[in-house]
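# Structural overview for review
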Amino acid sequence: MTVGLVVVSHSRALGEAARALAGEMLQGDDTRIEVAAGLDDGGFGTDAMAISEAVARADAGDGVVVLMDMGSAVLSAELALEMVDDDVRERAVLCAAPLVEGLVVAAVSAAGGASAAEVAAEATDALEAKAVHLGPDEPTRDAAAPEPAGVEQGEEHRVFTVRPAHGLHARPAALLVQALRGLDAVVRLRNLTLDGPEVSAASLSKVATLGALHGHDVAVRARGGDAGDAVRRLIDLAEDGFGEADAPAAPPPAAPATPGQPIPASPGIGIGPPRAGGAAPVTVPAARPGSPGDQRGRLDDARAGAREHLRGVRDRAAREIGATEAAVFDAQLLLLDDPDVLADTGARIDAGADAARAWADVLDEVEGRFADAADEYLRARARDVHDVRDQVLRALGGAVEREAAGDGILVADDLTPADAAQLDPARTPAVVLAGGSPTAHAVILLRARGVPAVVGVGTARATRAGEAALLAVDGTTGEVVVDPDASTLDAFRDRAAAQGRRRDDALRRAHEPAVTRDGTTVLVGANVGSAGDAAAAVGADLAGLVRTEFCFLDRQSAPDVDEQEAAYRAIAEAMDGRRVTLRTLDVGGDKPLDYLAMPREANPFLGVRGLRLALARPALLADQLRAIVRVAHDHPVDVMFPMVSAVDELVAARRALDDAVETVGRGRPADLRVGIMVEVPAAALKAAAFAPLVDFLSIGTNDLTQYALAAERGNDQLATLADPLDPGVLALVAATVDGAARADHDVLVAVCGEVAGDEQAAALLIGLGVRELSVGPAAVATVKQAVREVDLGRARELAVAALACPDASAVRALTA
């Protein structure tokens, strides 16, 4: 028997030609060479199922070496190995050799009786003869950059300076690792500024612990067939700041304007004992008998389960807070497949360790490297590593050590989105965070789930709260009372009872219109990301924002028209005749899709995203608009274009919509309306120019706030600054309403950002002229009730006073 070979290529013609060329070298030898290339319809692509079948055919007991051409072929091959039998998987080797040269050398080596490991090693060195003949290229490098030590002849090498504000933390490190996937190159990095050791650029855990801060010089060494391409990719990433702002990281403020001032983040009253934050610890399960192959199989299954869980949490976050923010889970997903982590774990298993113990020990070491980092931002990432560790251990049978006080008010330094997504509201009366921001991802999830929360209380106050016997928390006012006396406790209970009665009354009246005391109707819609969300939106007048990104995530290709139509139709049917506002795809360089090639951008939040991306990918937009038009023939539908800043963009989008109507061929749907998201200050100030071309303007206060105040949402240090009730942001809302009023037809102004769900802000927004509020499904009834308590005359006076305020704190004092 001999080692079998599998050729994985995007092109069937290329795969067959490579096999024929290798066959010429064998002179009749019966070495098995299977080809898994192209798609069944003759197009370019790779199919994991076809690869798994080819591996099974090629395996005759001595192992299989799989050679791949590029990019997604590697991912497909990795997935294929998860589909084959355990014994076949153990004998299979994925080889990073160049496809053509590597296959020729591999075929000769296999025919000579070499082992799978030897065949793969020979194939990987296949370019050596060519490299020697041509000679090494002189790498281009900055004249002023220091020369990395230990450069060997024939290697590519460069030095880059770290530009991201927080250095090479998890997100840019993940981009760096992803940029090198599929390349035939071994890449090493070294922090020259700290004179640290070299680490593998293929390992997220190693890259992120370089300790590379803003301004540090990092040396890159690469060898292999794609070494030059690998170095160029990293230098391009570095020059673009890894997609992040390249200003120096701001030092933690010595004293904010209001030190430790609690910030109301999610409305409601919570009373109860405190419990410490963070996930309950997981014990390492007892060792189970089994061969190293059995242990690897257990670990692979557990990792697959953790991967599925993380993707579920990410998708939930994408639905509830948007696809961009859901990127927070991508670094954790990448860590599950970190090659260094897997290699170290595999070595321990081969030495006799149980899968759970090997995984726990390796991840503990990775966590320790993060925790020991000099940079505070990197130290904070240790928790993410620990979370991945525990998720896999749970899947391996690890028992969760529940804390004695499982119920109570959660007191923590901060909260991850995954923690918030899994929190049980029935056991958690409220959440108190030392840090955090009202617009942080986790806090938005808390609001969506109806959990009261106060953030930014500071370490000292959080420590006192954690040591208390009892806490009273008001997420509407920001009050956190430690060990309240009897009268204070009675006051909180009365307040909670009043809120309960108000909530019950709101639910009873949820299906009634929201009409102010003087007879002004305000629509209250729901922000949804699935048919389930729509069904949960009790009393909603409409779906004011449908985030269509849920159709495009976790896929290898974009959904076709039929699939999109089915998804949008399901939401429309769940709304049972109420209007549905479908926002077109809102992704970009800050959250690229796997199948949508995007150039690296220095600042993706100001780059090609939203409608800009859709217009640059007309086929993608055309398919989505066709699906929307089909649904609009049977249901009342609004189409809403995101991230619009120029009238020309809207004109082009409307032209694309007209083309979709013509393609569908049933005429223009009678109830189809068109609008835009107002998320850019320029759009708010130019609302009068947009108004003649739309039926409505929907203000996305989350992005509008961060763009207007130059304050990233979710940045704890800017929590008090990034407030949608800042008078500057309110002035942009007022400008939008004023611009809409100048049109020769009725143009409704809506708000679909987080502030729409703030009951205290309802009167202010209505006073500014907003006539639709779109909120999380759970908040529909209470926001409707808040509208019913508004007197329009007083609301207008409140709006005038708010616009004259110096800051958001003064505005909130007016609305309290």
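Please read all numbers here as calculations on a predicted model, not as lab measurements. (Residues numbered from 1 in each chain as written. Predicted model: local features only at pLDDT ≥ 70, side-chain atom pairs only at ≥ 80, totals over all residues. Heavy atoms only, no water.)

## Re the overall build of the chain
Secondary structure assignment for the chain yields 33 helices and 24 strands. By the burial criterion, 52% of the 816 residues in the chain qualify as buried. Put simply, 72% of the contacts in the chain that link residues at least 6 apart link residues at least 24 apart. For the chain, the computed accessible surface area is about 33,300 Å², with 51% contributed by carbon and sulfur atoms. (Helix = DSSP H or I, 4+ residues; strand = E, 2+ residues; numbered from the N terminus. Buried < 20%, exposed > 50% of the residue type's maximum accessible area, 1.4 Å probe, protein only. Contact = heavy atoms within 4.5 Å. Areas by Shrake-Rupley, 256 points an atom, 1.4 Å probe, with all protein chains shown as cover.)

## Describing the sheet that holds strand S1 (residues 4-9)
Adjacent strands of a sheet pair through backbone hydrogen bonds, lying either parallel or antiparallel. Taken in spatial order, the 4 strands of this open sheet run S2-S1-S3-S4, and their pairing is parallel. Edge positions in the sheet fall to strand S2 (33-37) and strand S4 (92-95), since each of these pairs with one other strand and no more. Strand-to-strand twist across the sheet, computed as the mean angle between neighbouring axes with direction ignored, equals 20 degrees. The pairing of S1 with S2 spans 5 bridges and is classified as parallel. Across the sheet, the residue bridging to Val 6 is Glu 34, located in S2. (Pairing = 2+ DSSP bridges. Axes fitted to C-alpha atoms, helices over the stretch in contact; angles between N-to-C directions.)

## Comments concerning the side chain of Asp 59
By secondary structure assignment, the location of Asp 59 is in the loop between helix H2 (48-58) and strand S3 (64-68). A distance of 3.4 Å separates a polar side-chain atom of Asp 59 from the backbone nitrogen of Gly 61. Sequence-distant contacts of Asp 59, that is, excluding residues within four places in its chain, are made with Val 64, Val 88 and Arg 91. (Polar contact = N/O pair within 3.5 Å; in protein donor to acceptor, adjacent residues only side chain to side chain.)

## Thoughts on helix H13 (residues 339-350)
Between its first and last C-alpha atoms H13 spans 16 Å; for 12 residues at 1.5 Å apiece the expected length is 16 Å, and the two agree. Every buried residue belonging to H13 is among Val 341, Thr 345, Gly 346 and Ile 349, and all of these are buried. Considered in projection along H13, the buried side chains sweep an arc of 125 degrees and stay on one side of the axis. For H13, the side-chain oxygen to backbone nitrogen distance between the N-cap and Asp 340 is 2.9 Å, and the N-cap itself is Asp 338. Where H13 terminates, the next one or two residues include Gly 352, which has phi positive at roughly 110 degrees. (Expected span 1.5 Å × (residues − 1). Arc of directions from axis to C-beta.)

## Side note on the nonpolar core
Counting 97 residues, the largest nonpolar core has Tyr 568, Leu 625, Phe 641, Leu 697, Leu 764 and Leu 773 as the members making the most contacts within it. At 8 residues, helix H24 (residues 618-632) tops the list of elements feeding residues into this core. Those residues in contact with Leu 773 that lie beyond four places of it in its chain are Val 522, Leu 523, Val 524, Gly 525, Val 751, Ala 756, Leu 765, Val 783 and Val 787. The next biggest cluster of nonpolar side chains, apart from the first, holds 44 residues, and it includes Val 282, Val 341, Ala 356 and Val 392. (Core = buried A, V, L, I, M, F, W, Y, C linked by side-chain atoms within 4.5 Å.)

## Concerning unusual backbone geometry
Phi angles above zero are rare outside glycine, and Asp 576 is one such case at about 55 degrees. As for its placement among the helices and strands, Asp 576 is situated in the loop between helix H22 (561-575) and strand S19 (579-583).

## Remarks on the side chain of Asp 586
In this fold, Asp 586 is placed in the loop between S19 and helix H23 (611-616). Those residues in contact with Asp 586 that sit more than four places away from it in its chain are Glu 549, Gly 610, Pro 642 and Glu 679.

## Quick word on the pairing of strand S21 (residues 673-678)
Counting buried positions along S21 yields 5 of 6 residues, so the element is predominantly enclosed. Taken together, the 4 bridges between strand S20 (residues 637-641) and S21 define a ladder with parallel strand orientation. Residue pairing in the sheet places Phe 641 in a bridge with Ile 676 of S21. The handedness of the S20 to S21 crossover, carried by helix H25 (residues 647-664), is right-handed. With 4 bridges joining them, S21 and strand S22 (residues 696-699) adopt parallel strand pairing. Within S22, the residue paired with Val 678 across the bridge is Ile 699. (Right-handed = clockwise from strand over helix to strand, strands pointing away.)

## What about the packing of aromatic side chains?
In total, this model carries 0 aromatic pairs according to the counting rule given. Over the face of the ring belonging to Phe 492 we find Arg 495, whose NZ or CZ atom lies 4.4 Å from the ring centre. (Phe/Tyr/Trp six-rings, centres within 6.5 Å; stacked < 30°, edge-to-face > 60°. Lys NZ or Arg CZ within 6 Å of the ring centre and 35° of its normal.)

## Details of the pattern of salt bridges
Taken as a whole, this structure holds 43 salt bridges when the rule is applied. Notably, a salt bridge pairs Asp 364 with Arg 389, separated by 2.7 Å at the nearest N-O pair. With Asp 364 in helix H14 (residues 355-371) and Arg 389 in helix H16 (residues 382-395), this residue pair connects regions lying 25 residues apart in the sequence. For Asp 364, a relative accessible area of 32% gives the class partly exposed. For Arg 389, a relative accessible area of 8% gives the class buried. Among the ionic pairs, Arg 495 bridges to Glu 479, the shortest N-O distance being 2.7 Å. With Arg 495 in helix H20 (residues 486-508) and Glu 479 in strand S16 (residues 479-482), this pair connects stretches of sequence that are 16 residues apart. Looking at Glu 479, the relative accessible area reads 30%, which means it is partly exposed. One continuous salt-bridge network, built from bridges that share partners, spans Asp 562, Glu 565, Arg 569, Arg 630 and Asp 634. (Salt bridge = Lys/Arg side-chain N within 4 Å of Asp/Glu carboxyl O.)

## Concerning the packing of H24 against H25
Viewed as axis vectors pointing N to C, H24 and H25 meet at an angle of 60 degrees, and their least axial separation amounts to 9 Å. Judged by the inter-axis angle, H24 sits oblique to H25. In the crossing of H24 with H25, the sense of the turn from one axis to the other is right-handed. Note on element contacts: H25 touches H24 through Ala 653, Ala 656, Leu 657, Ala 660, Val 661, Thr 663 and Val 664, opposite Leu 621, Leu 625, Arg 626, Val 629 and Arg 630. Across the contact of H24 with H25, the residue classes break down as 9 nonpolar, 1 polar and 2 charged. (Parallel < 35°, antiparallel > 145°, perpendicular 65-115°, else oblique. Left-handed = near helix turned anticlockwise from the far one by under 90°. Nonpolar A, V, L, I, M, F, W, Y, C, P; charged D, E, K, R; others polar.)

## Quick notes on the environment of Arg 221
Mapped onto the elements of the fold, Arg 221 is located in strand S8 (residues 217-223). A polar contact of 2.6 Å, which involves the side chain of Arg 221, links it to the side chain of Glu 198.

## Observations regarding a nonpolar patch on the surface
On the surface, Leu 14, Leu 21 and Val 100 cluster together to form a nonpolar patch covering roughly 200 Å² of accessible area. Topologically, Leu 21 is positioned in helix H1 (residues 12-24). (Patch = residues over 30% accessible without salt bridge, like charges linked within 9 Å, V, L, I, M, F, W, Y side chains within 5 Å.)

## Some thoughts on the sheet that holds strand S6 (residues 186-191)
If you walk across this open sheet you meet the 4 strands as S5-S8-S6-S7, and the pairing is antiparallel. The open sheet is flanked by strand S5 (156-161) and strand S7 (198-200), the only strands paired with a single partner. Averaged over all pairs of adjacent strands, the angle between strand axes in this sheet comes to 25 degrees, irrespective of strand direction. Pairing geometry for S6 and S8, over 6 bridges, is antiparallel. Residue pairing across strands places Val 187 opposite Ala 222, the latter belonging to S8. Along the sheet face, helix H10 (residues 227-239) touches S5, S6 and S8 and points at about 5 degrees away from the line of S5.

## Examining the pairing of strand S18 (residues 542-547)
Across the 6 residues of S18, 6 count as buried, placing the element largely inside the fold. For the crossover from strand S17 (residues 523-528) across helix H21 (residues 531-536) to S18, the handedness is right-handed. With 4 bridges connecting them, S18 and S19 associate as parallel partners. Bridging from a neighbouring strand, Leu 542 pairs with Arg 579 of S19.

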